[in-house]
Amino acid sequence: MVHIATLSGGKDSTAIVDMLLHHGRPLDYIVFKDTLHEFEPMYRYVERLSEYFKARYDKEVVTLKPEISFEDSVFGRLGERSEKRQGWIRGLPMPIGYPCTWRREAKNRPFERWLKGQGITEYKIYIGFTTSEIHRKMAGDEFLYPLIDDFCMSETDCAAYLKEREMENPLYRYFTRTGCSFCPAQSDRSFFQVWKHFPKDWEYIKQIEAKLFQLEKQGERVQNKYWFSGQRTCADMEKEFKKADKQSGLFDFSDEPLKDCFCKI
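The following refers to the structure shown.

About the criteria used
- Residues numbered from 1 in each chain as written.
- Predicted model: local features only at pLDDT ≥ 70, side-chain atom pairs only at ≥ 80, totals over all residues.
- Heavy atoms only, no water.
- Helix = DSSP H or I, 4+ residues; strand = E, 2+ residues; numbered from the N terminus.
- Rg over C-alpha atoms; globule rule 2.2 N^0.38 Å.
- Buried < 20%, exposed > 50% of the residue type's maximum accessible area, 1.4 Å probe, protein only.
- Contact = heavy atoms within 4.5 Å.
- Polar contact = N/O pair within 3.5 Å; in protein donor to acceptor, adjacent residues only side chain to side chain.
- Pairing = 2+ DSSP bridges.
- Axes fitted to C-alpha atoms, helices over the stretch in contact; angles between N-to-C directions.
- Nonpolar A, V, L, I, M, F, W, Y, C, P; charged D, E, K, R; others polar.
- Phe/Tyr/Trp six-rings, centres within 6.5 Å; stacked < 30°, edge-to-face > 60°.
- Salt bridge = Lys/Arg side-chain N within 4 Å of Asp/Glu carboxyl O.

### Brief notes about the overall build of the protein chain
In terms of helices and strands, the protein chain carries nine helices and five strands. Along its sequence from the N terminus, the protein chain presents helices and strands in the succession β-α-β-α-β-α-α-β-β-α-α-α-α-α. Here the protein chain has a C-alpha radius of gyration of 20 Å; the compact-globule value for 265 residues is 18 Å, and the two agree. Taking all 265 residues of the protein chain together, the buried fraction comes to 45%.

### Here we look at the environment of Tyr145
Structurally, Tyr145 is set in the loop between β5 (143-144) and α5 (146-149). Of the residues examined, Tyr145 reaches a relative accessible area of 5% and is grouped as buried. Separated by 78 residues in sequence, Tyr145 and Gln223 place their C-alpha atoms 37 Å apart. Excluding residues that lie within four positions of it along the chain, Tyr145 makes contacts with Ile127, Phe129, Lys137, Met138 and Asp150. In terms of polar contacts, Tyr145 uses its side chain to reach the backbone amide nitrogen of Met138, at 2.8 Å.

### A few points about unusual backbone geometry
Positive phi outside glycine occurs at Glu166, with the angle close to 55 degrees. Here Glu166 shows up in the loop between α6 (155-164) and α7 (188-197).

### Here's the deal with the side chain of Thr14
Among the secondary structure elements, Thr14 is positioned in helix α1 (residues 11-22). Classification of Thr14 as buried rests on a relative accessible area of 0%. Apart from the residues lying within four places of it in its own chain, the contact partners of Thr14 are Leu7, Gly9, Tyr45, Leu49, Leu162 and Met167.

### Topic: the sheet that holds β5
Reading across the sheet, the five strands line up as β3-β2-β1-β4-β5 and stay open at both edges, with parallel pairing between neighbours. Edge positions in the open sheet fall to β3 (61-64) and β5, since each of these has one partner strand only. With four bridges connecting them, strand β1 (residues 2-6) and strand β4 (residues 123-126) associate as parallel partners. The partner of Val2 across the bridge, within β4, is Tyr123. Strand contacts of α1: β1, β2 (29-33) and β4, with the helix running at about 145 degrees to β1, the strand carrying the most contacts.

### Overview of the packing of helix α8 (residues 199-217) against helix α9 (residues 234-247)
Helices that pack against each other are described as a pair by the angle of their axes relative to one another and the distance between those axes. Two numbers describe how α8 lies on α9: the axes approach to 10 Å, and their chain directions differ by 145 degrees. Contact residues: Trp202, Ile205, Lys206 and Glu209 in α8; Cys234, Met237, Glu238 and Phe241 in α9. Looking at side-chain class alone, the contact of α8 with α9 contains five nonpolar, no polar and three charged residues.

### A short note on the packing of aromatic side chains
Across all of its chains, the model carries 22 aromatic pairs by this definition. Taking 5.9 Å as the distance between ring centres and 25 degrees as the angle between the ring planes, the aromatic pair formed by Phe111 and Trp114 counts as stacked. Here Phe111 pairs with Trp114, and both are found in helix α4 (residues 101-118), just three residues apart, close to one helical turn. Per residue, the accessibility class of Phe111 equals that of Trp114, and both read buried.

### So, the pattern of salt bridges
A pair can form between side chains of opposite charge whenever their charged atoms are brought close. Inspection of every chain in the model, using the stated rule, returns 16 salt bridges. One salt bridge in this structure joins Lys196 and Asp245, with 3.0 Å as the shortest N-O distance. Taken as a pair, Lys196 in helix α7 and Asp245 in helix α9 lie far apart in primary sequence, 49 residues in all.

Here you go:
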């Protein structure tokens, strides 16, 4: 039986991996699923975590990557399963309520290929759901939920755990959750932070949108060309962001310094 923990770099997954190792729980692999579009501070953070887990517990972090690019997915065409939309440009991941196509390509499929390549057929996988996410538990004996069943920890507890050890992810200075830099499921507040503090990522978002609109003008049919609900464009959002930025406070966050020096581990 192989035991696996996935490390996203978020507070819950980071806390669970450290606690499993600290308490000597069985853990054969730590897996980071690189979507190719994490924020640059996330890559630096995961690198530091990798160095720490190796030095303290002699555990390597395995990094998995998708076989195709995000552009391949966005500008690819829908197949026969799409019936009436066969041949359309796929476009952006659909809003909340639909399976994320990029999550499937960047996380699910690389993990499935890795399991097959390693010859792993029997495994347990640690899921970082907290006590506020009991309703999200999935059926299946392969899933383990130590933050719920063993350590009884909430998201607040996980954040406090990392703060106490000075292992905080600097992205939490800007966001309440982590994910792809362009995740369409994130809040307008999060997109504001991308626009204000991560201009390269925001420019990428705009470029993808502009290309989809251009393809539609050329006669192509696009399944979804909007990042935002209500068919709001990046230009629409920039107007709102600039207004909010001038008001100074609508999207404000704490000035308390993050404890991210790894000094107490």
